[in-house]
Amino acid sequence: MIGNWIGLWTMVRREIQRLMRVPIQAVVAPLISALLFIFIFGFVVGGRINTIAGHRYIEFVFPGVLMMNIVNAAFLQATSQIYFQRFQKSIEEILVSPLSYVEMIAGAISIVIIRSVVTAIGIMLIGVAFGAVHMYSLPEFLFWVIFVSMIFGFLGIIVALWAKTFEQLNILTVFFIQPLSMVGGVFNTIGMLPPWLRWLAYGNPLFYFINGLRYSMIGFSEGPAVFGAIFTVVLAAVLGTIVWRLYAIGWGLRE
Amino acid sequence: MTPALEISHLRKVYRSGTVAVEDVSLTIQPGDFFGFLGPNGAGKSTTIHCITGISNPTSGTIKIFGVDAVADYRKARTLVGLSPQEFNVDPFANARNIVDWMGGYFGIPAAVRQKRVDMLIERFDLVPHANKPFRELSGGLKRRVILARAMVNDPQLLILDEPTAGVDVELRMDLWRYLQELNRDGKTILLTSHYLEEIERLCRTIAIVAHGQIVRHGPKEEFFTEPGGLERAYLAATGKVADHIAAGAR
């Protein structure tokens, strides 16, 4: 499937160099955003809220804030990387090279995961400073970070291939990702919602991602964890297949 | 002998419905220096895009040294180097990185790549400019970077889409010498240009394309046995001769 490792690594180091030209946007902005969420909701407001299933509110909120930032980092990385290359036509450098479609996608997704992991490490350090970080299961934690990054990386690639304007890059974030994150249990348990609204949480993919990451960190789960993990793997596989197909037919890539 | 490039009944229709290439068939022998002439919008660049994977052909076949450019695209790409008409690069990247990254995409190991990049940077007089962002370079320097990038994988078939458009006389002459050297060393070159003297000077075989079809194709000598030479043949083949004569009479 992957034979041109040098080509793949070139894609990664090229994008890392691009990110190093915009460190505030790529690294600092999500850290400041996370710091404010943790400080206001976790520390200030959370100090006046009772524990949830034996956990301090800041410990409950932290995995949700972390997942929101992982989702944003993954989606932004994929959209900006692919859309800018299309906009500049520098994507043609990759199209004329002997990289397979799988290698092109693997290169793009590798960078998405690297950016998500770097963002996650930065936020974890902030969390440590607030005493909000626990690790119930490291393998499960890594599973959620990597698979959710892949899912939003694939979604970002699809949007970047579809978009004709910069404006269109934000549609999914504004109308779906942000609202679904907020109602996906970042700041509250599903039990806190009115009963008629709970179905919305269980039908929300973001709920399973947040719930899964929270379980891996503090061992608290409100939903079927195994179902969430299987759903996540299947969703990543389906989106990956769609992206592969789009690359193979050249949708949004080749004239 | 396996042709360097064999295009058979290539057709390209864009999603907008525009027929860019109607029916192009041509064969380029290994070691040839092939001139591809035609007015703007005739289908030259689209044909090149189909050869190199930037565009999907609607129908027809393209073989590069016998390798199908669609079915076996990875192998076909290793044989080709492209200098496109437009500057399709990250404008914030520097010249050295642009050439190096392309070598990386082709899977060239770092040690070999570095030597190759150094050689090309030197060959195209880019040493003082190698670490400057592409967007800060002059038009001629940008063109040199694009040419160096096209040659980083030491391609068997070099495709140059208007490589001397907007460059000064010095670079043009230097590039002509370099291309002749490469051709003498066995590289097959496909060159498009609007400068007829460039085609006359460099190419051994010429094809003229108009309205998405090859309207004239043959050895260079054929074009010079006619009165008016290549210019007259070009205008006649592209249907512009009447206008040209009328303008001359005025």
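Bear in mind that the values here come from a model prediction, so they are computed numbers and not experimental data.

Calculation notes
- Residues numbered from 1 in each chain as written.
- Chains lettered and ligands numbered in written order.
- Predicted model: local features only at pLDDT ≥ 70, side-chain atom pairs only at ≥ 80, totals over all residues.
- Helix = DSSP H or I, 4+ residues; strand = E, 2+ residues; numbered from the N terminus.
- Rg over C-alpha atoms; globule rule 2.2 N^0.38 Å.
- Buried ≥ 20, exposed ≤ 12 C-beta atoms within 10 Å, placed from the backbone.
- Expected span 1.5 Å × (residues − 1).
- Axes fitted to C-alpha atoms, helices over the stretch in contact; angles between N-to-C directions.
- Parallel < 35°, antiparallel > 145°, perpendicular 65-115°, else oblique.
- Left-handed = near helix turned anticlockwise from the far one by under 90°.
- Contact = placed C-beta atoms within 7 Å.
- Nonpolar A, V, L, I, M, F, W, Y, C, P; charged D, E, K, R; others polar.
- Pairing = 2+ DSSP bridges.

Enquirer: Tell me about the overall build of chain A, residues and numbers included.
Expert: Scanning chain A from terminus to terminus reveals 11 helices and zero strands. From first element to last, N terminus to C terminus, chain A shows the α and β order α-α-α-α-α-α-α-α-α-α-α. Rg of the C-alpha trace for chain A: 19 Å, near the compact-globule value of 18 Å for 255 residues, within the 12% margin. In terms of principal-axis extent, the alpha carbons of chain A reach across some 60 × 35 × 35 Å. Put simply, chain A has 255 residues, and 44% of those count as buried.

Enquirer: Report on the overall build of chain B, specifying residues and quantitative values.
Expert: In terms of helices and strands, chain B carries 10 helices and 10 strands. In terms of C-alpha radius of gyration, chain B reaches 18 Å, essentially the compact-globule figure of 18 Å for 250 residues. Principal-axis analysis of the C-alpha atoms places the extent of chain B at approximately 55 × 45 × 40 Å. In chain B, buried positions account for 46% of the 250 residues.

Enquirer: Pulling in residues and values, what's your account of the environment of Gly240 of chain A?
Expert: Residues and elements named next belong to chain A. Position of Gly240 relative to the elements: it lies in helix 11 (residues 225-249). Taking the number of C-beta atoms within 10 Å as the measure of exposure, Gly240 has 19 and is therefore partly exposed. C-alpha separation for the pair Gly240 and Ile158, spaced 82 residues apart in sequence, amounts to 9.9 Å.

Enquirer: Talk me through helix 5 (residues 101-129) of chain A; I want residue IDs and the actual numbers.
Expert: Along its 29 residues, helix 5 of chain A runs 43 Å from first to last C-alpha, staying within 8% of the 42 Å computed at 1.5 Å per residue. At the exit of helix 5 of chain A stands Gly131 of chain A, carrying a positive phi of roughly 65°.

Enquirer: Could you give an account of the packing of helix 3 (residues 95-105) of chain B against helix 4 (residues 110-123) of chain B, with specific residues and numbers?
Expert: Residue and element names in this part refer to chain B. Where helix 3 meets helix 4, the closest approach of the two axes is 10 Å, and the angle between their N-to-C directions is 140°. With respect to their mutual orientation, helix 3 and helix 4 come out oblique. Crossing of helix 3 against helix 4: the hand is right-handed. On the side of helix 3, the interface is formed by Arg96, Val99, Asp100, Gly103 and Gly104, while helix 4 contributes Arg113, Arg116, Val117, Leu120 and Ile121.

Enquirer: Describe the interface of chain A and chain B, with residues and values.
Expert: Contact residues are listed per partner, giving 21 residues for chain A and 26 residues for chain B. Contributing elements (two or more residues each) for the side of chain A that touches chain B: helix 1 (5-20) and helix 4 (91-95) of chain A. Here the side of chain A that touches chain B is built from residues that sort into six nonpolar, eight polar and seven charged.

Enquirer: An account of the pairing of strand 3 (residues 33-37) of chain B is needed here, citing residue identities and associated values.
Expert: For a regular strand, side-chain orientation follows a simple rule: the groups alternate between the two sheet faces. Residue and element names in this part refer to chain B. For strand 3, the buried fraction is high: five of the five residues fall into the buried class. Residues Phe33, Gly35 and Leu37 point to one face of strand 3 and Phe34 and Phe36 to the other, with burial holding for every one of them. Bridge analysis of strand 3 against strand 8 (residues 188-192) gives four bridges, and the strand direction is parallel. Note on strand 8: the bridge partner recorded for Gly35 is Leu191. Pairing of strand 3 with strand 9 (residues 205-210), which is carried by four bridges, proceeds in the parallel orientation. Paired with Gly35 across the bridge in strand 9 is Ile206.

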